[in-house]
Each structure stands twice: as C-alpha cells, then as structure tokens.
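An overview of the molecular structure
One letter stands for each residue in the lines below.
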Amino acid sequence: MQISGAQMVIEAFIAEGVDTVFGYPGGAIMNVYDEIYKQDGFQHILNRHEQASIHAAEGYAKASGKVGVAMITSGPGFTNAVTGLADAYMDSVPLVVVSGQVPMSLIGTDGFQEIDAIGISRPCTKHNYLVTDAADLPRVLKEAFYIARSGRPGPVHVDIPKDVTAQIAEFDYDVALELETYKPHVKGNPRQIKKAMEAIAKAKRPLFYLGGGIINAKAAYEVRELVHKTGIPAVETLMARGVLSHDDDLLVDMLGMHGSYAANMAMSETDLVIGLGARFDDRVTGKLSEFAKNAGVIHVDIDPASISKLVNADYPIVGDIKNVVIDMLEQSDKIHSENYESWRETINNFAELHPLTFHEDTQRLKPQWVIKRVGELLGDSANISTDVGQHQMWSAQFYPFSRPNQWITSGGLGTMGFGFPAAIGVKAACPDKTSINFTGDGSILMNVQELMTAVEKKIPVINIILNNNFLGMVRQWQTLFYDKRHSETDLSVQPDFVKLSEAFGGVGYRVKTKEEFDAALKDAVEKNVVAFIEVVVERFENVMPMVPAGGSLFNMMLLEKKERK
Amino acid sequence: MTENSERRVVSVIVVNEASVLSRITNLFSGRGYNITSLTVAPIPDSKYSRLTIVTSGSIRVIEQITKQLHKLIPVLRVYEHADLVEKEMALIKFPISENISDINTICEAYNGKIVNSGENVIIAMVADEPKRVSHFLEAIKRYNPKEIVRSGAVALER
C-alpha cells in the first residue's frame, strides 16, 4: 500500500506488536505525532523530558523482555535523549528510538533545531540510521527491531527528516530481512561446551558467575536448573539480581565493589570461574591481576568482543546463554554435587564470618532496614527500580529478589535520574505488580518532572526516597578517601518532598519511624496513585563491604564487628 | 598495558553505505586505538568497500580491535594479516632544477618513475613496501622535495 513515511512508522510499530510508546513531540516529528493522534493500535505516554522517555522505554523493556520504543524530535529533543541511549547501550537494553530531523533540504545548514543526531548517537547505540527516502523506511524499521532484540541487545536509533515522514511510498512490512553482515552466533560450539563441562567435572572449587546477559537471554530458569543439578555455588553481578531466588542455598549474594564478603572471597578462592553473560566489569573484578587469580575461566557470552576483553577465557563459548545452558545441562551427568560439599562449606563459613548485615544503632532509621522491610511487606509482588548511589547498592544487597526482570537498575552508565521514569515504564509493562522506585534525595530531583507523567497517565509508582541530606555515595568516598572534605555533597537545602508530590497531584509522606513507614507504604499501595515516601535516614551510613577502587576483591573494608548487637 | 605493541595490518570489508567510514574511525578513537594509516576504496562489482588499516597494539588490543570491528553492523569481514603482500604509494614533487636523471634512477630502484613534468616542478611516483617507501623518502631528501604524499598501505593475504 502507498502511505506516508509517518504512517509507516505507526504501521511498523503495530506490526511489531508495540503496545506502548514513550515520547515527546516537537517540530520535526509532528507528522508522525499527527498519525499517533489518528491511531489506536498502541498507547502513547507523554513524559515531561526526553531523557525520561528513553529511561521509561528501558524500564518497559527490562521488565517485559520486549523491545522498548520511544519517539522524540530533532535538536534538543534528541540531545536530551542521549543519556538514555548511552544508558541502554551500556546495559544492553533493546530499544528502538525514532527521532525527527530537519527536512533533507536543510540538513547541514545549521537549521532550526538541527543537530547531527546520528553522528552523536553512533558511539552510544548498537546501530543507527538516517533515513533519506521513505521507500527505505519499512526495511530500516524492520531491521531496527531485529537488531535491537537479537544477539547482544541494544538501542537502535532511527533518524527521519521531516520531509521523509511526509513522503508517500510503498509499504510492505512482510519482507524477509537480508542482513548479510549481521549474523549473531546463537548456538555454542559443541566441542568447546564439552571441554568446558570436562573442566567443571575436574574442578574442586568451581563457581558460577552470573551476569545480566542471562536475563536478556530469558535463560534464568535454565540457569537455576543447571546450578541446582550441579550443586555449584553462584555469585551474581548487580545486573543479574533475580536470576537465582534470594532463598536459594546456592546463591552467595552479589560480588564486586559492594559485594558480600562471602561472594568476593568465593571468587578469590575459586579454581574455575563459570561466567554466564557477565562481562568482568571493573566494579566486579577490582584489581584485575588479583581477580580469581588461581582459577580457570569459562566464559559464555553472545558477544565475542566481551570474551577475553579483560580476563582471559580458557574456555570461550560464543552463543545464546539459553542454548548453551541447555547443552550444558545435557552433559552435566559427570558433575556430582557431593564433590563440592567442602567448597560449599567453606563459602558458608565465609558468610557466617562476615554476613551481609547492618547495625540498627542510631536514633534514625537505617536505609537498609527500609529496603528489607519493603521486601518483607511486598516481596515478589513488587518490581524494584532504583536510581544511582548508596540506595541502589543497598537495594541490590538487601531486597529479596525472587525472579528475573524484577530488578531494574542503571548498571553500566550509572545514571542518576533513571529510576522514576524507568519505574513508570515498568508499571506500564507489568500493571499487576507494584512498581517501587528506591531513590535518594539527590537522584530523585534529576527527573522529578515525571510526577506529572505518572499523575496524568495514572501510573502509581511508589518512590521511596531514602533521605540522608547527602549525595551519599560521593559523600562516602569523600569520608573515606578525601579526608572528610564533603565538597558540594551536603544536600541540607531541600524541597518539601511531600508538598512537591502533592503539587503535581500525587501523595506524599514524610516518615521517621518504623511504624510511620509501614503505615505510609500500606497507604500508598492502597491509594494506588503516584507517591513519594520520604524516609529520614541516618546521614552517615556507609555501604559496606567495600572494595576500594582498583583494590583486590579480597581486600574489603568491612562493617565493624564490635558494633554488632 | 605492559604487553609489547606491534605494528599490524587489518583489512575490513564493509557495506559501501553512508557514514560507514565514520563508524570505523569513531570506534578507533572512542576505544583509544591507534590508526597509523587508512585507505578505502570500493571493491569492483560489489556493494562492499575494502579498508586497509595500519594500526599498532598488543596482541590483546589487536584482538579487541578485530572483535569490535566485527561487531559493527555493516562490517562483513575483518582480516588481521599475518602473511601478506603490502604496498604503499608515494608522490613527490621536486623543483625542476634538481638532477632529474638521478631522481629517476632512485625512483626505479623503488618501483617508480617520473610521472609528470611541468614548467617549474616534476612529480615522481614510487610504489613499494611501506618500510621501503620510508627508505626512499630518506634517500631523496637531498633533492629538496617540495611536497610528499603517501597513500597509506594496502595489503593482500598471500
């Protein structure tokens, strides 16, 4: 059929099964917004800033496992979205982001709201397109969705000049994709898998090192099966929380800079690292030369470039985690759980020596208590988003995650302001779950305008602001490494968060005690509207354990024992 | 990194489309890799172009470069050459007052000759291995070359 470029965008979204688009209109994208007005195939959620649109699409994608979609205009609309694109790129989030561009005749003339969008998005997207002919749009959009969700997922940016959205051309979405130069490996090499399984059978102290790639590959339940069948203990990265359930005996918590003592010691003592969809990030490994020093390394990843990038892999396996884990399961008969009994014991001893805990030794509430309490009250029924900082690490440490896609956080880029819009996307994807955003008094102000989005669209996100009147994580580093010179991190001057939420039409609570917190959370869940629960917490609480940047994983600063009750 | 840095030649076959070259060069600059020289031309009768990139780095860095290049969507193939035939061209402009027959003789020793002569200048061309081109440029210094253009290396696996 002959339709306009703008109509093609709508038709392609509908053909891809898109049910929610996040975005913000503007001059160059108006033709497409005109078609959005006329259609009823999907809902459009108007965020109040383009960055929030991308984070919302990320939250949607991470919670649903589908491709998130966002739409923005040219110039400042696009540049506002760049942080979101970079965030999605670092965390391998499948997105298709469509931006308007000035008409072809104005490109290169410094036209109004013109910027070289694909020049800017190139290093922070998996791929991008500038569409110069509407006849190319069906192919480009189809490729964009395919590239975004296949292989190692990532954001794909499609930039469309305004005249191209008005141009009429033939639309046929039912064409086969011909991407000769893009063919992701999906099956792992059987010989490599066999060798890896032999290595596991020989190992005395093997350790699963689980990464966010497992969640992207929708392989968490297969991984659970493999872990249980082999009886090999497992550590998770920040992005992998929820792959194993919190009550799994074989889960040794999160590892890394703020990993548990047991997880970091297990990684330091193991003789065989079995890495599944993890990328040996510097926040995980600490000092590289000391990381799992005496261990062989099996590394399964869909992205060949992730393998042997930082840590040399003795058994590299390129492939989709799900396929590889299914193959591994078939060959796991020679691996006997009882062989690892003493290894599991060793790890349990580590955990008993320095358990992941905190001290309730001040008048003020401890932030960790708040997170644990939400876990007790809501548990599996909530999806948990976070912003970035101390509250994020405490959430990763203390929330009882029970399933994949329950945990939505900005890992690689560490984007403050991610949490609230992401939680809106999460709620749009999973309306039957409570959408919680753990945030800090610093982070929440970075996308606070999303109160309006949540109120307008009746998206009841509960923001739990752990307020220590500090930019807490930076303050922690200043306390520990900068001789307590708290440069520009004291956030004593603050808005009235209760009134702020109410001003937009949400509800607000300010709580100082456990009883007040319980009552506020209960009320917010019942009211089912967007909420701010400001929790006044201990100002100087540090995230512990901590591996100082560049230090060895086994050299942790630990919670002082003598204070324990 | 403490590992030894080595000169390497990498050939990349890419779809000949808009902005593909900037994808490649962005990758090098963004990840801190070095480009010594780069040549590009379309492959006859195909939709692909061939890039020859001379770079340097440790084995690990070269391996990453190869993998990262391959990860780019329009990249069809990446060859990291071990056994190759490598050639580079240079054009050199001399004042006509210099000893033309000497220059011509030296050019011939490096697969070259004088290719143009004008009122005030002559232009010579050589095509040889990059290292030999460098030797040649040393040898002709005393003839006061006014301008020198090197093409960058092209290479084929043996």
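What counts, and at which threshold
- Residues numbered from 1 in each chain as written.
- Chains lettered and ligands numbered in written order.
- Predicted model: local features only at pLDDT ≥ 70, side-chain atom pairs only at ≥ 80, totals over all residues.
- Helix = DSSP H or I, 4+ residues; strand = E, 2+ residues; numbered from the N terminus.
- Buried ≥ 20, exposed ≤ 12 C-beta atoms within 10 Å, placed from the backbone.
- Pairing = 2+ DSSP bridges.
- Right-handed = clockwise from strand over helix to strand, strands pointing away.
- Axes fitted to C-alpha atoms, helices over the stretch in contact; angles between N-to-C directions.
- Domains from an automatic or database assignment.
- Contact = placed C-beta atoms within 7 Å.
- Nonpolar A, V, L, I, M, F, W, Y, C, P; charged D, E, K, R; others polar.

From N to C terminus, chain B includes four helices and nine strands. Considered along the principal axes of its C-alpha atoms, chain B spans approximately 55 × 40 × 30 Å. Across the 158 residues that make up chain B, the buried fraction comes to 25%.

Right, let's talk about the pairing of strand E17 (residues 434-440) of chain A for a bit. Residues and elements named next belong to chain A. Of all seven residues in E17, seven are buried, a share of seventy percent or more. In E17, alternate side chains face the same way, and those of Thr434, Ile436, Phe438 and Gly440 on one face and Ser435, Asn437 and Thr439 on the other are all buried. Note that E17 and strand E18 (residues 461-467) share six bridges and pair parallel. By the bridge assignment for E18, Phe438 is matched with Ile464. You can see the chain leave E17, run along helix H18 (residues 450-456) and come back into E18, and the turn it takes is right-handed.

Residues and elements named next belong to chain A. Strand order in this open sheet of six strands is E3-E2-E4-E5-E7-E6, and the pairing throughout is parallel. Each end of this open sheet is capped by a strand with a single partner; those strands are strand E3 (43-46) and strand E6 (127-130). Direction aside, the axes of adjacent strands within the sheet are offset by 20° on average. In terms of strand pairing, strand E2 (residues 20-23) meets E3 through four bridges, oriented parallel. Residue pairing for E3: Phe22 is matched across the bridge by Ile45.

Structurally, Glu138(B) is set in helix H4 (residues 130-139). Separated by 116 residues in sequence, Glu138(B) and Ser22(B) place their C-alpha atoms 33 Å apart.

Another point: the domain arrangement of chain A. How big an interface is tends to be expressed through the accessible area that disappears when the partners come together. All names here are of chain A. The domains assigned to chain A are domain 1 (2-170), domain 2 (190-353) and domain 3 (367-536). Centre-to-centre separation of domain 1 and domain 2, based on C-alpha positions: 37 Å. Facing six residues of domain 1, the contacting portion of domain 2 comprises six residues. By residue class, the composition of the side of domain 1 that touches domain 2 is one nonpolar, three polar and two charged.

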